[in-house]
Amino acid sequence: MPAHLDPRLLRAFVTVAEELHFTRAATRLYVAQQALSRDVRRLERELGVELFLRTTRQVTLTADGERLVPYARRVLAAQEALLSAFGQARPLLVDLNSPGLVTGRRVLHRARALAPEQELMARFESGLTGAAGELIAGRLDASFGRFAGLDPALRAQLEHRPVRYEPMAVVLPEDHRLAGFETVPLDALAGETVYAGAGNPRTPEWTDLARRLFEGRGIEVAAPAPLAVGDEEFQRIMAKMRNPILAVVDFPAMPSTVVRPLVDPVPLSLVSLVWRKGLVHPGFDALRRAAAQLAAEEGWLRRPAEGWIPAIDVDTVSTHN
């Protein structure tokens, strides 16, 4: 057995073990595939075991490879914690979904104030399902969104903490029949077709929430629209379709539209802070503290008596009480 192991070799091994694909792992590590393969072979020689079974079709872990994974992850986490303790932490990458959403942005701003010596950088992945894959792959550190709406296979690899019951709203063309209302009773949307991101592979958790909310109320989820990238394209497509849009009360204004809170009942979107298991970073500690502070100060986790939330989301909260 070697007296020392280069952490770089362990990081190469763990990344291949997570991707089970050398090309994807090399892309994630920003190295050439040949260099990555050399590092893995060197680790195998130093340990005296075979870690992967390689064929032209697939890469799989051997029994020794499976056994090494948890040890390698602990070593890498310890190394990251050590570097963080001496001010050498890498930037913490925090997904806010989209630039206009308020909850994640406020948490991030508070975290920056709590830990000004850390670099916390915003990213925008559009939806939690889209962000989840990036979290698991290590290309993101944290995100915000509806954890209960994720596929169970994704939830099993992530951790979360509820942050806010966010009241929902509807975005209407300014000449819509309901645009003059200060608040829109949910039953008033009967007969409408409402856009809720159907067909967008990054946001199925939001579409699922809409379907649960609309069930039995005579409200249809709009068919998939062309996938728009960027605010300008989204606004153009929505103006062309003229469907009401399911949103949250802090949704940013768009030209020729109005945002109206939904009532009777008040539907709630449970926003959680979500991160990959085993994450160690001083900036993340600040992010969690910021989320807890704001939730307490703003009453974000006080559920209104007239609020509506799916049972599956209630279970998400109960696991943290």
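Preceding this section is the structure that the text describes.
None of these values were measured; they are calculated from a predicted model.

Chemist: Could you give an account of the overall build of the chain, naming the residues involved and the relevant values?
Modeler: When helices and strands are tallied, the chain shows eleven helices and 13 strands. Seen through its principal axes, the chain has C-alpha atoms that stretch 75 × 45 × 35 Å. Counting all 321 residues of the chain, 47% fall into the buried class. In the chain, 39 side chains carry a positive charge and 39 a negative one; their mean positions are 5 Å apart.

Chemist: Any chance you could break down the nonpolar core for me, citing the residues and the numbers?
Modeler: Core analysis: the biggest nonpolar cluster contains 24 residues, and Val184, Leu189, Trp206, Leu213, Phe214, Leu246 and Leu262 have the highest contact counts within it. Within the residue set of this core, elements represented by two or more residues are strand S6 (158–173), helix H8 (204–214), strand S10 (245–248) and strand S11 (257–263). With five residues, the top contributor of residues to this core is H8. In contact with Leu189, not counting residues within four places along its chain, are Arg177, Leu178, Val184, Gly218, Ile219 and Leu262. Of all hydrophobic cores here, the second largest spans 23 residues; its members include Val107, Ala115, Leu120 and Leu294.

Chemist: Describe the packing of helix H1 (residues 7–19) against helix H2 (residues 22–29), with residues and values.
Modeler: At a minimum axis separation of 8 Å, H1 and H2 run at an interaxial angle of 130 degrees. Between H1 and H2, the crossing angle belongs to the class labelled oblique. Judged by the twist between their axes, the crossing of H1 over H2 is right-handed. Contacts from Arg11, Ala12, Thr15, Val16, Glu18 and Glu19 in H1 reach Phe22, Arg24, Ala25, Arg28 and Leu29 in H2.

Chemist: Please give an account of the pairing of S10 that cites residues and values.
Modeler: Burial along S10 is two-sided: Ile245 and Ala247 facing one way and Leu246 and Val248 facing the other are all buried. For S6 and S10, the ladder comprises four bridges, and the chain directions are antiparallel. Within the sheet, the bridge partner assigned to Val170 lies in S10 and is Leu246.

Chemist: So what's going on with H1? Which residues, and what values?
Modeler: Over its 13 residues, H1 extends 18 Å from the first C-alpha to the last, a length consistent with the 18 Å expected when each residue adds 1.5 Å. Positive backbone phi, approximately 50 degrees, marks Leu20, located one or two places after H1.

Chemist: Help me get a handle on unusual backbone geometry, residues and values and all.
Modeler: Cis geometry is adopted by the peptide bond preceding Pro265, which originates at Asp264 and carries an omega value of 0 degrees. You can see Pro265 is positioned in the loop between S11 and strand S12 (266–276). Even without a glycine there, the phi angle at Arg242 is positive, about 65 degrees. Mapped onto the fold, Arg242 is located in the loop between helix H9 (231–241) and S10. The exposure class of Arg242 is partly exposed, given its relative accessible area of 44%.

Chemist: With reference to specific residues and values, describe the packing of aromatic side chains.
Modeler: Throughout the structure, instances matching the rule amount to three aromatic pairs. Between Phe22 and Phe52, the ring centres sit 6.0 Å apart and the planes meet at 70 degrees, which makes this aromatic pair edge-to-face. Linking Phe22 in helix H2 with Phe52 in strand S1 (residues 52–54), this pair joins segments that are 30 residues apart in sequence. Under the relative-accessibility criterion, Phe22 is labelled buried at 8%.

Chemist: Quick rundown of the pattern of salt bridges? Include the residues and the values.
Modeler: By the definition in use, this model includes 22 salt bridges. The partner of Arg217 in a salt bridge is Asp187, with the nearest N and O atoms 3.6 Å apart. You can see Arg217 sitting in the loop between H8 and strand S9 (220–221) and its partner Asp187 sitting in the loop between strand S7 (184–185) and strand S8 (193–194), a full 30 residues away along the chain. Arg236 is paired through a salt bridge with Glu233; the nearest N and O atoms lie 3.0 Å apart. With Arg236 and Glu233 both in helix H9 and three residues apart, the pair spans about one turn of that helix. Relative accessible area serves as the criterion here: at 32%, Glu233 is assigned to the partly exposed category. Beyond isolated ion pairs, a larger network of salt bridges with shared partners links Glu19, Arg24, Glu134 and Arg139.

Chemist: Give a detailed account of the packing of helix H5 (residues 102–114) against helix H10 (residues 282–298), specifying residues and quantitative values.
Modeler: Running from N to C, H5 and H10 cross one another at 120 degrees; their axes reach a closest spacing of 8 Å. The angle between H5 and H10 places the two elements in the oblique class. For the pair H5 and H10, the sense of crossing is right-handed. Between H5 and H10, the residues in contact are Arg106, Val107, Leu108, Arg110, Ala111 and Leu114 and Ala286, Leu287, Arg289, Ala290, Ala291, Gln293, Leu294, Glu297 and Glu298, respectively. The residue makeup of the contact of H5 with H10, split by class, is nine nonpolar, one polar and five charged.

What counts and what doesn't
Residues numbered from 1 in each chain as written. Predicted model: local features only at pLDDT ≥ 70, side-chain atom pairs only at ≥ 80, totals over all residues. Heavy atoms only, no water. Helix = DSSP H or I, 4+ residues; strand = E, 2+ residues; numbered from the N terminus. Buried < 20%, exposed > 50% of the residue type's maximum accessible area, 1.4 Å probe, protein only. Lys, Arg positive; Asp, Glu negative; His and termini not counted. Charge placed at Lys NZ, Arg CZ, Asp CG, Glu CD. Core = buried A, V, L, I, M, F, W, Y, C linked by side-chain atoms within 4.5 Å. Contact = heavy atoms within 4.5 Å. Axes fitted to C-alpha atoms, helices over the stretch in contact; angles between N-to-C directions. Parallel < 35°, antiparallel > 145°, perpendicular 65-115°, else oblique. Left-handed = near helix turned anticlockwise from the far one by under 90°. Pairing = 2+ DSSP bridges. Expected span 1.5 Å × (residues − 1). Phe/Tyr/Trp six-rings, centres within 6.5 Å; stacked < 30°, edge-to-face > 60°. Salt bridge = Lys/Arg side-chain N within 4 Å of Asp/Glu carboxyl O. Nonpolar A, V, L, I, M, F, W, Y, C, P; charged D, E, K, R; others polar.

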